[in-house]
Amino acid sequence: MTHHLVDPRTLEAAIRDAQEALAEYDNALKWLLRPGAAQDGPLATEVWVFDSNLDARLDGGSPLA
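All of the points below concern the structure found in this document. Because the structure is predicted, anything quoted here is derived from the model rather than measured.

Summing up its helical and strand segments, the protein has 2 helices and 0 strands in all. A buried classification covers 14% of the 65 residues belonging to the protein. Accessible surface computed for the protein: about 5,800 Å², of which carbon and sulfur atoms make up 55%.

So, in C-alpha cells, the structure goes:
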C-alpha cells in the first residue's frame with residue numbers, strides 16, 4: 001500500500017464504473033464520492049458477472065443455490 005494520491009483520471013473512471021453498477025455493497029459509491037477519496041488510494045474492486053437470470057456466475061463458477 002502506498003500513500004500516493006489517486007490520479008484524478010483513475011478516480012473519475014472508478015466513479016463512472018460505480019455509477020453504472022447494477023448493485024452496490026456497503027455504500028461503496030457514497031464512500032468513493034466523499035471529498036477525501038483521492039487521498040485514500042489505492043483503489044480496488046471485486047466484480048461478479050451473472051447470467052441474465054441471475055442463476056449462475058459467468059466466471060465458470062457453479063450455479064447458485
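This brings us to the nonpolar core. Listed in full, the 5 residues of the largest apolar core are V6, L11, I15, L32 and A37. Setting aside residues no more than four positions away along its own chain, A37 makes contact with V6, L11, W31 and L32.

Next up on the list: the pattern of salt bridges. Pairing is possible between side chains that carry opposite charge, provided their charged atoms lie close to one another. Taken as a whole and assessed by the stated rule, the structure comprises 1 salt bridge. Residue D7 pairs with R9 through a salt bridge whose shortest N-O separation is 3.4 Å. Of the residues examined, D7 reaches a relative accessible area of 34% and is grouped as partly exposed. Here R9 falls in the exposed class, since its relative accessible area comes to 65%.

To continue, consider unusual backbone geometry. Within the chain, N27 stands out as a residue other than glycine whose phi angle is a positive 55 degrees. Within the secondary structure, N27 is located in the loop between helix 1 (8–20) and helix 2 (28–33). You can call N27 exposed: its relative accessible area is 52%.

Among the structural elements, A28 can be located in helix 2. Residue class for A28 comes out partly exposed when judged on its relative accessible area of 39%. A28 sits 10 residues away from A18 along the chain, and the two C-alpha atoms are 7.9 Å apart.

The rules behind each value
In this convention, every chain numbers its residues from 1, walking through the sequence in written order. Whole-chain, interface and lining totals are the exception, using all residues; otherwise, since this is a predicted model, local features are given only for residues with pLDDT of at least 70 and side-chain atom pairs are given and counted only at 80 or more. Side-chain measures here rest on the full set of heavy atoms in the structure, leaving out hydrogens and waters. Starting at the N terminus, helices and strands are each numbered in turn, a helix being any DSSP run of H or I of at least four residues and a strand any DSSP run of E of at least two. Exposure classes here rest on a 1.4 Å probe applied to the protein chains alone. A residue is buried below 20% of its type maximum, exposed above 50%, and partly exposed in between. Values of accessible area rely on a 1.4 Å probe in the Shrake-Rupley scheme; residue burial ignores everything except the protein chains shown. In this text, buried Ala, Val, Leu, Ile, Met, Phe, Trp, Tyr and Cys residues form a nonpolar core when linked through side-chain atoms within 4.5 Å. For this analysis, residues touch if any pair of their heavy atoms sits within 4.5 Å. A carboxyl oxygen of Asp or Glu within 4 Å of a side-chain nitrogen of Lys or Arg is what we treat as a salt bridge.

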